[in-house]
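Working through the structure, step by step
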Amino acid sequence: MREAYPMLSTAAVSLIDLFADDVLNSPYACFAELRDAGPAVWLERYGIWVCARYAEVHGSLRDWETFSSAAGTGIDDLRLSDSWRPPSLIAEVDPPMHTRHRAVMNRALSAKAMGGMREAFRASAEALADELTARGRIDAVKDIAEAYPLSVFPKAVGLGSDGLDHLRAYGDMVFNAIGPRNARVEASMAQAAKVVPWITAQCARDALSEGSIGAAIWDSVDSGEITADVAPLLVRSLLSAGLTTIAAIGNAIYAFATHPDSWQALRADPSLVRTTFDEVLRWESPVQMFFRTTARAVDFGRVLMPEGAKVLMLAGSANRDPRKWEDPHRFDIRRSSAGHVAFGAGIHLCVGQMLARLELEMILTALVSRVRHIEIASEPKRRLNNTLRQFDSLPVELKPA
Ligand code: 8QM
């Protein structure tokens, strides 16, 4: 029988501040506390729910009708307050609009489109790896994690070579803004007046080179699939989320520098490179979280959420949940990391993941044939962001093979 007080939720309440510096630096003990507290936990400090277990994160992401994206992927309800930018027309909409825009993005980022970029991505990776192995002592963030994506991604999207620093600054803003309006948001928004207009200008049709991913999105205007006001915002999504590979590559180098046996396994069998990326993403997820909003009351079994509630989907915790993963804190390239939620799940599953996979495959393949050992040379520094897990500097010594 139903309880006498149907909205009496017996949900756990937590005072944890997921956006405090010390938590962002070392989040995993807090994640465990939240997972153990229940299937959904009320975060008193921000007035939001959090799902920290794998089952609820994965299950909720696959139920877009209950866990809507139309109120935004950030902590604020887009329908109630003005956002710092027009909402994303792919990440922050539900079907049927999502379905139409997703089809355009799917085609622009298809396996066929990626195939056409493969050799250019390989050549850039090999040239960079040659240069870096000759130098030996490098910063794996600046010299690999930033340098490689910036050498291939903007051109693939169709951008010119000027002003590319703005891309990293914009990514900082987008991912800080998913979280609460704290000093981190303030600091990254300080550059908005010059960065945002630059980003907007790059999304125009005549700014994008022929044959590029951006141009492919604009081609869908000619075919009548989308209108001319939608195209620039879909291009903007590439520029918003595309450089999360900087975090991913930095995290990958860190994983191999701290797990030399894994690097040796890759050297012995470079075909492991592709599946290895999933373990890197599971172990240190670049995008740690984003939000959904309940489109109706939700009953997680004695945890009752009303309609219109913001729910933080803590992917970084789901990917370390011992209920799902054996020995979850161990980085192990031999395990099956399939099912991780670092790319999300369900209809919004990362549309650019093949591009990310191509970057990781090419840079790791180029390095694995040239580098015998990656050694941490001095203390890495994190680049704290409300929702991205990443390094700011990672000084390493590349020992040539
Ligand atoms: C991250 O602008 C966008 O379309 C967009 C921004 C951020 C993401 C994805 C898409 C939260 C996963």
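Parameters at a glance
Residues numbered from 1 in each chain as written. Predicted model: local features only at pLDDT ≥ 70, side-chain atom pairs only at ≥ 80, totals over all residues. Heavy atoms only, no water. Buried < 20%, exposed > 50% of the residue type's maximum accessible area, 1.4 Å probe, protein only. Helix = DSSP H or I, 4+ residues; strand = E, 2+ residues; numbered from the N terminus. Arc of directions from axis to C-beta. Contact = heavy atoms within 4.5 Å. Axes fitted to C-alpha atoms, helices over the stretch in contact; angles between N-to-C directions. Parallel < 35°, antiparallel > 145°, perpendicular 65-115°, else oblique. Left-handed = near helix turned anticlockwise from the far one by under 90°. Nonpolar A, V, L, I, M, F, W, Y, C, P; charged D, E, K, R; others polar. Phe/Tyr/Trp six-rings, centres within 6.5 Å; stacked < 30°, edge-to-face > 60°. Near = heavy atom within 4 Å. Polar contact = N/O pair within 3.5 Å; in protein donor to acceptor, adjacent residues only side chain to side chain. Core = buried A, V, L, I, M, F, W, Y, C linked by side-chain atoms within 4.5 Å. Pairing = 2+ DSSP bridges. Salt bridge = Lys/Arg side-chain N within 4 Å of Asp/Glu carboxyl O.

Points about helix α14 (residues 260-268)
Where α14 is concerned, the buried positions are Ser262, Trp263, Ala265 and Leu266. Along the axis of α14, the buried positions cluster into a sector of 160 degrees, meaning they face one direction only. Packed against the buried residues of α14 are α13 (244-258), α15 (273-283), α17 (353-368) and β10 (371-376).

Digging into the packing of helix α4 (residues 97-108) against helix α12 (residues 231-241)
Helix-helix packing is characterised by the crossing angle of the two axes and by the distance between the axes. Interaxial distance between α4 and α12 falls to 11 Å at its minimum, and their mutual angle equals 60 degrees. Compared by their axis directions, α4 and α12 come out oblique. Crossing of α4 against α12: the hand is right-handed. Contacts between α4 and α12 pair His101, Val104 and Met105 from the former with Leu234, Ser237 and Leu238 from the latter. Residue classes in the contact of α4 with α12 are distributed as four nonpolar, two polar and no charged.

Looking at the packing of aromatic side chains
For the coordinates displayed, the defined rule picks out twelve aromatic pairs. Ring centres 5.2 Å apart and planes at 70 degrees place the aromatic pair tryptophan 42 and tryptophan 49 in the edge-to-face group. Residue class for tryptophan 49 comes out buried when judged on its relative accessible area of 6%. Between phenylalanine 67 and phenylalanine 300, the ring centres sit 6.2 Å apart and the planes meet at 15 degrees, which makes this aromatic pair stacked. Taken as a pair, phenylalanine 67 in strand β4 (residues 67-68) and phenylalanine 300 in the loop between β7 (298-299) and β8 (304-305) lie far apart in primary sequence, 233 residues in all. Its relative accessible area of 22% is what places phenylalanine 300 among the partly exposed residues. Grouping aromatic residues by their ring pairs yields a cluster made of Tyr254, Phe256, Trp263, Trp283, Phe331 and Phe391.

Considerations on the packing of helix α6 (residues 118-135) against α17
Interaxial distance between α6 and α17 falls to 8 Å at its minimum, and their mutual angle equals 40 degrees. Classified by the interaxial angle, the pair formed by α6 and α17 is oblique. The two elements α6 and α17 meet at a crossing, and its hand is right-handed. Side by side, α6 and α17 meet where Arg118, Phe121, Arg122, Ala125, Glu126, Leu128 and Ala129 of the first sit next to Leu355, Leu358, Glu359, Glu361, Met362, Ile363, Ala366 and Leu367 of the second. For the contact of α6 with α17, a count of residues per class yields ten nonpolar, no polar and five charged.

Brief notes about the site of the ligand
Near the ligand the following residues occur: Arg85, Ser88, Ile90, Ala91, Phe175, Ile178, Ser237 and Ser240. Serine 240 places a polar side-chain atom, nitrogen or oxygen, 3.4 Å from an oxygen atom of the ligand. Looking at the shell around the ligand residue by residue, the class counts come to four nonpolar, three polar and one charged.

Quick word on the nonpolar core
The tendency in soluble globular proteins is for nonpolar side chains to be buried side by side. Leu18 and Ile217 are the most contacted members of the largest nonpolar core, which totals 129 residues. When residues no more than four places from it in sequence are discounted, the contact partners of isoleucine 217 are Val104, Met105, Ala108, Ile226, Ala231, Leu234, Val235 and Leu238.

A look at the sheet that holds strand β3 (residues 48-51)
Taken in spatial order, the six strands line up as β1-β2-β3-β9-β6-β4 in an open sheet, and their pairing is mixed. The open sheet is flanked by β1 (12-14) and β4, the only strands paired with a single partner. Judged from the three bridges that link them, β3 and strand β9 (residues 310-313) form a sheet pairing that is parallel. Bridge pairing in β9 places tryptophan 49 opposite valine 311.

Description of the sheet that holds strand β5 (residues 137-139)
If you trace the three strands from one edge of the open sheet to the other, you get β5-β13-β10, paired in antiparallel fashion. In this open sheet, the two edge strands, each paired with only one partner strand, are β5 and β10. When the angles between neighbouring strand axes are averaged without regard to direction, this sheet yields 30 degrees.

Some remarks on the pattern of salt bridges
The full count for this structure, using the stated rule, is 30 salt bridges. Residues arginine 330 and aspartate 327 are paired through a salt bridge, measuring 2.8 Å at the closest nitrogen-oxygen approach. Given the relative accessible area of 39%, arginine 330 is considered partly exposed. Assessed through its relative accessible area of 43%, aspartate 327 is described here as partly exposed. One network of salt bridges, in which partners are shared, links Arg35, Asp36, Asp321 and Arg323.

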